[in-house]
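Letter by letter, the chains look like this.
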Protein chains: 2
Amino acid sequence: MIDPEGPVPLYEQLAAILRGQIERGELPPDRPIPSVARLQQEYGLARGTVLHTIRVLVDEGLVYVVPGKGTYVKAR
Amino acid sequence: MIDPEGPVPLYEQLAAILRGQIERGELPPDRPIPSVARLQQEYGLARGTVLHTIRVLVDEGLVYVVPGKGTYVKAR
DNA sequence: CGGAATTTGTTCGTATGTATT
DNA sequence: GAATACATACGAACAAATTCC
């Protein structure tokens, strides 16, 4: 799913994956996306890379973060 | 200038300092702001923290980055 | 109420790659 | 080629908020 060799940054590849899951409804509105630790394990990425991805999606208005709880798909 | 003990994140403190210097004209438009390494030394911050600050200011449209050259105050 | 577990937030350190001068 | 500077990515640590028992 993630290609560490390609020219596309890892955080961007992960962002694309999550965008797709959100748009296809696999991650429904007001439901949490997998935790940072989960995404880290699942895609073999470093924590910083996952956090970078979350920041990107928050900036895009796709998700919102509740500290100590989780990151949720924004309803729209 | 920067308080490592306070509740305000260091990157936000640094961003506030740079915003002030830009607004007061101490950092003129289309002129480079101090390098990441310089800010790092001057304020005793880590590289990642300074980079975070730069990202914030870029997102706010206050500065723009020219890869391999420097970070410049955006003219407006 | 106390404490452990979970999750996000912030920070530091380091390394590699890429672009410009 | 060398120096400078930003971008990405790894690892690690501690703090804060939340939840559950």
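Quick caveat: nothing in here was measured; it's all calculated off a predicted structure.

Cut-offs applied
Residues numbered from 1 in each chain as written. Chains lettered and ligands numbered in written order. Predicted model: local features only at pLDDT ≥ 70, side-chain atom pairs only at ≥ 80, totals over all residues. Heavy atoms only, no water. Phe/Tyr/Trp six-rings, centres within 6.5 Å; stacked < 30°, edge-to-face > 60°. Near = heavy atom within 4 Å. Polar contact = N/O pair within 3.5 Å; in protein donor to acceptor, adjacent residues only side chain to side chain. Helix = DSSP H or I, 4+ residues; strand = E, 2+ residues; numbered from the N terminus. Nonpolar A, V, L, I, M, F, W, Y, C, P; charged D, E, K, R; others polar.

Caption draft 1: Up close: the packing of aromatic side chains. For the structure shown, the criterion picks out two aromatic pairs over all chains. Between Tyr-64 of chain A and Tyr-72 of chain A, the ring centres sit 5.7 Å apart and the planes meet at 20 degrees, which makes this aromatic pair stacked.

Caption draft 2: Broad picture of the protein's contact with DNA strand D. Of all residues adjacent to DNA strand D, which total 17 residues, the nearest are Pro-9, Leu-10, Tyr-11 and Thr-49 of chain A together with Val-65 of chain B. The protein-proximal atoms of DNA strand D, defined as those within 4 Å of the protein, are 76% sugar or phosphate. At 2.8 Å from a phosphate oxygen of DNA strand D is found a side-chain nitrogen or oxygen belonging to Tyr-11 of chain A. With respect to DNA strand D, the backbone of Ala-46 of chain A contributes an N or O atom lying 3.1 Å from a phosphate oxygen. Those elements that place two or more of their residues in the surface near DNA strand D are α1 (10-23) and α3 (47-59) of chain A together with α3 (47-59) and β2 (70-73) of chain B. Of the residues that constitute the surface near DNA strand D, the class distribution is eight nonpolar, five polar and four charged.

Caption draft 3: Summary view of the protein's contact with DNA strand C. Not every one of the 18 residues close to DNA strand C is listed here, only the nearest: Val-36, Arg-47 and Val-65 of chain A together with Leu-10 and Thr-49 of chain B. Backbone atoms, meaning sugar and phosphate, make up 68% of the atoms of DNA strand C lying within 4 Å of the protein. Arg-47 of chain A has a polar side-chain atom sitting 2.6 Å from a base nitrogen of DNA strand C. Between Leu-10 of chain B and DNA strand C, the recorded distance is 2.2 Å, taken from a backbone N or O atom to a phosphate oxygen. If you list the elements that add at least two residues to the surface near DNA strand C, you get α3 and β2 (70-73) of chain A together with α1 (10-23) and α3 of chain B. Of the residues that constitute the surface near DNA strand C, the class distribution is eight nonpolar, six polar and four charged.

Shape is all these values report; function is a separate question.
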